[in-house]
Amino acid sequence: MTREELEHAIRAACDVIDDDEVYVIGSQAILGQYPNAPSELRQSVEADIIPKNKSHLADRIDGVLGELSLFHQTHGFYVHGLSLEAAILPKGWVGRATIVQNQNTGRGKGICLEAHDLAASKLVAHREKDREFVRVLLAHSLVKQNKLARSITLLPVSQTDRERLATWVDLTIKDLAS
């Protein structure tokens, strides 16, 4: 996905729900903070979007813009409508988010998860593809170890889980340095 495609996804989602604001989570939120993110981070053809003010309309986004929709067939990417409960996000993430709002988003504003919060959220999912995504973020210095550690401490998970994630980050940093 490209930044322009993310902007299109924001505009389309806002149009579908007839609202001006959406949250962008998931891997392609990285394009908010880093419009020219490395290609390894832009492999997904899916933008995960949550209606900010009309959460009950997430299914409408999925139906109109989702996988295998006419939108997907036409543009080569799709929008996955989600509820906020679908993600485990660090406390205070909205205050650190990056806003994407320009001519390409029309009246819409995409509130994109900040890179360190995105990385912490990805690590909680505990999937190989998410760990690889965070590894690339670290390798390209798009996230810093100390800030990622802070985001991990803000996750609403057990202390044991936080320690496991912090250990993974430490080991990954050491591996990248060798």
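The paragraphs below set out a description of the structure included in this document.

## What to know about the side chain of His116
Part 1 of the reasoning: Along the chain, His116 turns up in helix H6 (residues 115-125).
Part 2 of the reasoning: By relative accessible area, which is 5% here, His116 ends up buried.
Part 3 of the reasoning: Not counting the four nearest positions on each side in its chain, His116 is found in contact with Leu142, Val143, Lys144, Lys147, Leu148 and Ser151.

## What to know about the sheet that holds strand E5 (residues 109-112)
Think of a sheet as strands paired side by side through backbone hydrogen bonds, with each pair either parallel or antiparallel.
Part 1 of the reasoning: The mixed open sheet is built from five strands, whose spatial order is E3-E2-E1-E5-E4. Of all the strands in the sheet, the pair left with one neighbour each is strand E3 (78-81) and strand E4 (98-100). This sheet shows a mean twist of 35 degrees between the axes of neighbouring strands, independent of strand direction.
Part 2 of the reasoning: Pairing geometry for strand E1 (residues 21-25) and E5, over four bridges, is parallel.

## Things to note about the nonpolar core
Part 1 of the reasoning: Counting residues in hydrophobic clusters, the biggest one holds 55 residues, and the most contacted among them are Ile30, Ile49 and Leu148.
Part 2 of the reasoning: In terms of residues, this core owes the most to one element, helix H1 (residues 3-17), which gives eight residues.
Part 3 of the reasoning: Apart from residues lying up to four places away in sequence, Leu148 is in contact with His116, Ala119, Ala120, Leu123, Val134, Leu138 and Val169.

## Comments concerning the pattern of salt bridges
Part 1 of the reasoning: Across all of its chains, the model carries twelve salt bridges by this definition.
Part 2 of the reasoning: The closest approach of N and O atoms between Lys122 and Asp130, which form a salt bridge, is 3.0 Å. In this pair, the class of Lys122 matches that of Asp130, namely buried.
Part 3 of the reasoning: Each of the salt bridges in this network shares a partner with another, and the network as a whole consists of Asp15, Asp18, Asp20 and Arg107.

## A closer look at the packing of H1 against helix H3 (residues 58-65)
Part 1 of the reasoning: As a packed pair, H1 and H3 sit with axes 9 Å apart at the nearest point and diverge in direction by 120 degrees. As the angle between them shows, H1 and H3 are arranged oblique. Our pair here, H1 against H3, has a crossing hand that is right-handed. The residues of H3 that touch H1, namely those facing Ala12, Ala13, Val16 and Ile17, are Arg60, Ile61, Val64 and Leu65.

## Remarks on the environment of Leu155
Part 1 of the reasoning: Relative to the helices and strands, Leu155 is located in the loop between helix H8 (145-153) and helix H9 (159-177).
Part 2 of the reasoning: According to the relative accessible area criterion, Leu155 is buried, its value standing at 0%.
Part 3 of the reasoning: Sequence separation between Leu155 and Ala119 is 36 residues; the distance between their C-alpha atoms is 11 Å.
Part 4 of the reasoning: With near-sequence residues (within four places) excluded, Leu155 lies in contact with Ile88, Leu89, Pro90, Ala120, Val124, Arg162 and Leu165.

## Structural notes on the pairing of strand E2 (residues 46-51)
Part 1 of the reasoning: Counted residue by residue, E2 has five buried out of six residues, so it is predominantly covered.
Part 2 of the reasoning: As judged from the four bridges shared by E1 and E2, these two strands associate in the antiparallel manner. Paired with Ile25 across the strands is Asp48, a residue of E2.
Part 3 of the reasoning: One ladder, built from four bridges, connects E2 with E3; its direction is parallel. Residue pairing across strands places Glu46 opposite Tyr78, the latter belonging to E3.

## Points about the packing of aromatic side chains
Part 1 of the reasoning: The tally for this structure, following the rule as stated, stands at two aromatic pairs.
Part 2 of the reasoning: Seen in terms of ring centroids, Tyr23 and Trp93 are 4.9 Å apart; in terms of plane orientation they differ by 65 degrees. Their pairing is edge-to-face. Remark: Trp93 occurs in helix H5 (residues 93-96) and Tyr23 occurs in strand E1; sequence separation between them is 70 residues. Like Trp93, Tyr23 is buried.
Part 3 of the reasoning: Taking the centre distance of 5.4 Å and the plane angle of 90 degrees together, the rings of Phe71 and Phe77 count as edge-to-face. Each of the two residues, Phe71 as well as Phe77, counts as buried.
Part 4 of the reasoning: The residue whose ring lies beneath Lys122 is Phe133, and the NZ or CZ to ring-centre distance is 5.5 Å.

Criteria and thresholds
Residues numbered from 1 in each chain as written. Predicted model: local features only at pLDDT ≥ 70, side-chain atom pairs only at ≥ 80, totals over all residues. Heavy atoms only, no water. Helix = DSSP H or I, 4+ residues; strand = E, 2+ residues; numbered from the N terminus. Buried < 20%, exposed > 50% of the residue type's maximum accessible area, 1.4 Å probe, protein only. Contact = heavy atoms within 4.5 Å. Pairing = 2+ DSSP bridges. Axes fitted to C-alpha atoms, helices over the stretch in contact; angles between N-to-C directions. Core = buried A, V, L, I, M, F, W, Y, C linked by side-chain atoms within 4.5 Å. Salt bridge = Lys/Arg side-chain N within 4 Å of Asp/Glu carboxyl O. Parallel < 35°, antiparallel > 145°, perpendicular 65-115°, else oblique. Left-handed = near helix turned anticlockwise from the far one by under 90°. Phe/Tyr/Trp six-rings, centres within 6.5 Å; stacked < 30°, edge-to-face > 60°. Lys NZ or Arg CZ within 6 Å of the ring centre and 35° of its normal.

Worth remembering: the numbers are spatial, not functional.
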